[in-house]
Amino acid sequence: MPATVGRRMDRLVPTNSPVRGIYSRNIVRLGVLAGALVTAWYAIGAFGRPYNFFDMKIYHGAAVWWASGHDLYAYAAPDTGLGFTYPPFAGLLMSPMARVPFAAAAWINVIASLLALAVVMWALLGPISRRYGWSRWFATGLSVAAAAAIEPVRETLGYGQINLLLFLLIMADMVALRWRARASAGFLPTGGALVRFVRGGAWAGVGIGLAASIKLTPALFVVYFLVTRQWRAATTAVATAIGVTAATFMVAGKDSAAYWLRVVFETERVGAADMTPNQSLAGVLARLYDTVEAPTLLWLSFAVLMLALGLSRASRAHADGDELTAFVLVGLTANVISPISWTHHLVFVIPAIVVLADAAMRRRDASRGLESGRRLTRRGLTPSANMGGLAPLRTPIWFPALTGLRHASAAVGVYLLFLYSPIWPYEHQLPEFSHYEDGLWGALMENSLALALIILVATLPWRPGAEPAFYPETIRIDRRAIHQR
């Protein structure tokens, strides 16, 4: 009888071999990931809504309509009458789907969106996994499964939206800024010219320029670049947006003129502000005033206030060396101040949860280090030099073991809120139903996601020195001197 696979492994790998341990751990991890994916699938079914690629039907129909020689913005979906609302550059990017059946286009978008989410989580969790010695691929897999279950991602996938692809473009610029900071500090990338160009981050701004050409709201990141004096990234983003828009004019001049001269001002094409899935400030005000549209002056006043708050806090986060939190604050601010922010637009809550969880772990580690230093001092010993960074920390108000609890609780709370998404049981729309149909509690739940965004913009912590987009001049000089030696 031939030997079994297990017996062959016993012969090839001794019982006490490290290879056997690695093999066993990876098998366990794959099992955990499979369980996480199954759990996410059931969570989508339990907390999500019936999905039929509603928006993808519009995109695919518009692409087919345009390919047959009609005007892009004259398209109206057969069942709903809704049309194409993105800039013409987005239409060009979507035009290849006219060559494939609708179902194929929808599932290609799902796969591409999940891959985009995986790439973003790989980048976001890289510094954290290195610090704690985690398996990066395992942490990425778990995070993708967890993120797929919450409202913005499941709505993006279920509706056939492109938000995760735009998310990838924006976060790519954050990674480019991180790489450029390392290169400026003397950590020069090695390899060919292309590798040095990419890893050097000189292209930072291209992703945001492309995203702003596909959808207008990412343009707020250009304003952030200007506020933080990141002139090169701002110039690159603006040049990219102008370049692709001008190129689109050359290819589709008639449709480009129609969009920029007429369609961009037709806000009714998007939807009414009071619709429940609109979780922006304008949606909150419209529902609170029980009107179809938000009171204009009141909305503008609060929007300017939130814009100033979000950009100022993002600027502080950038100055303190936490570019990820700065990007998150800008993305959340864009969701808050936009007239329409559907729930599938709110993908920046994903890195917000990552920031909250990492802030909790950092505070807990710092508290443990500070407590160890106190014990050494009480014993008459001097804390080691590597504790010098802990000296400025204030004494924890609570029991040291609970340090970071409020940030951890906030991370869990935000995740559970967007997992359950309590807006849908209380969904109402005028004129059929008042938004106060279920009383004050119903009104609060119907606006809960938007209120969470506003609170995050006002209170999201940043982590000094976590992911700087620049290094002090002294560090640059020191690193270059080391590199030259």
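Position numbers for residues count from 1 along each chain, tracking the sequence in the order it is written. The model is predicted, so local features are restricted to residues of pLDDT at least 70 and side-chain atom pairs to those at 80 or more, both for listing and for counting; the totals for chains, interfaces and linings are taken over all residues. To obtain the side-chain values, all non-hydrogen atoms of the structure were used and water was disregarded.

This part covers the packing of helix α15 (residues 296-319) against helix α20 (residues 448-459). Interaxial angle, 0 to 180 degrees, is taken between N-to-C directions of lines fitted to C-alpha atoms, where a helix line uses only the stretch in contact. We count a stretch as a helix when DSSP gives it H or I for four or more residues in a row; a strand needs E for two or more, and each element gets its number in order from the N terminus. The interhelical angle for the contact between α15 and α20, taken along N-to-C directions, is 45°, at an axis separation of 8 Å. Our classification of the angle between α15 and α20 gives oblique. In this structure, α15 uses M306, L309, G310 and R313 to contact α20, whose residues at the interface are I454, L456, V457, A458 and T459. Of the residues assigned to the contact of α15 with α20, the class counts are six nonpolar, two polar and one charged. Orientation is classified from the angle alone, with under 35 degrees giving roughly parallel, over 145 giving roughly antiparallel, 65 to 115 giving roughly perpendicular, and any other angle giving oblique. Only heavy atoms matter for contacts: two residues are in contact if any of them lie within 4.5 Å across the pair. Under the convention adopted here, Pro, Cys and the residues Ala, Val, Leu, Ile, Met, Phe, Trp and Tyr are nonpolar, Asp, Glu, Lys and Arg are charged, and Gly plus all remaining residues are polar.

We now examine the nonpolar core. Nonpolar cores are built from buried Ala, Val, Leu, Ile, Met, Phe, Trp, Tyr and Cys residues. Side-chain atoms within 4.5 Å join them into one set. Using a 1.4 Å probe on the protein chains alone, a residue whose accessible area is under 20% of its type maximum counts as buried, one over 50% counts as exposed, and one in between counts as partly exposed. Judged by nonpolar contacts, the single largest core of 112 residues is most densely connected at F84, V153, M171, F327, L332 and F418. Setting aside its immediate chain neighbours within four residues, V153 contacts L117, A147, A148, L164 and I350.

For every residue, the predictor reports its confidence as pLDDT, a number between 0 and 100. Averaged over the protein chain, the pLDDT score is 86; the fraction of residues at 70 or greater is 85%. Note on residues 384-393: pLDDT is under 50 here. Beyond four places in sequence and across chains, it has nine contacts. This model gives residues 474-485 a pLDDT under 50, and the stretch forms 13 contacts once residues within four places in sequence are excluded.

The relation between two aromatic rings is expressed through the spacing of the ring centres and the mutual angle of the planes. Two aromatic rings from Phe, Tyr or Trp, using only the six-membered ring of Trp, form a pair when their centres are within 6.5 Å; if the ring planes differ by under 30 degrees the pair is stacked, by over 60 it is edge-to-face, and anything between is tilted. Under the definition given, this model contains 20 aromatic pairs. Where Y224 meets F225, the ring centres are 5.7 Å apart and the plane angle is 45°; that geometry is what we call tilted. Judged on exposure class, the residue Y224 and its partner F225 are both buried. Seen in terms of ring centroids, Y224 and F327 are 6.0 Å apart; in terms of plane orientation they differ by 80°. Their pairing is edge-to-face. Here the residue Y224 occupies a position in helix α11 (residues 220-227), and F327 occupies one in helix α16 (residues 323-337), the gap between them amounting to 103 residues. Taken individually, Y224 and F327 each receive the classification buried, so the pair is uniform in this respect. Taken together, the aromatic side chains of Y59, Y73, F84, Y86, Y259 and W260 make up a single cluster linked through ring pairs. Criterion for a charge above a ring: Arg CZ or Lys NZ at most 6 Å from the ring centre, at most 35 degrees from the ring normal. One cation-aromatic arrangement involves R49 over W424; the distance from NZ or CZ to the ring centre is 3.5 Å.

Let us look at unusual backbone geometry. Here the bond from L430 into P431 is cis, since omega is 0°, no more than 30 degrees from zero. Looking at the secondary structure, you find P431 in the loop between α18 (405-420) and α19 (439-446). With phi around 55°, F53 is a residue other than glycine that occupies positive phi space. Turning to its location among the elements, F53 is positioned in the loop between α2 (18-47) and α3 (54-67). The residue S421 is not glycine, and still its phi comes out positive at about 50°.

A few words on the environment of A219. Here A219 shows up in the loop between α10 (206-214) and α11. Relative accessible area serves as the criterion here: at 33%, A219 is assigned to the partly exposed category. For the pair A219 and A334, spaced 115 residues apart in sequence, the C-alpha separation works out to 9.0 Å.

A word on a nonpolar patch on the surface. Patch membership requires over 30% relative accessible area and the absence of a salt bridge. Like charges are linked within 9 Å, and nonpolar side chains (Val, Leu, Ile, Met, Phe, Trp, Tyr) within 5 Å. Reported accessibility uses the Shrake-Rupley method at a 1.4 Å probe radius. Residues are deemed covered only where the shown protein chains occlude them. The salt bridge criterion pairs a side-chain nitrogen of Lys or Arg with a carboxyl oxygen of Asp or Glu, the two atoms within 4 Å. Side chains of I27, L30, W122 and W137 sit close together on the surface and give an oily, nonpolar patch of about 390 Å² of accessible area. Mapped onto the fold, L30 is located in helix α2.

With that out of the way, let us pick up α10. For α10, a buried count of seven out of nine residues is recorded, marking the element as mostly surrounded by other parts of the structure. Here α10 has its buried residues at G207, I208, G209, A211, A212, S213 and I214. Buried-residue contacts for α10 involve α4 (88-94), α8 (163-184), α11, α12 (231-251) and α16.

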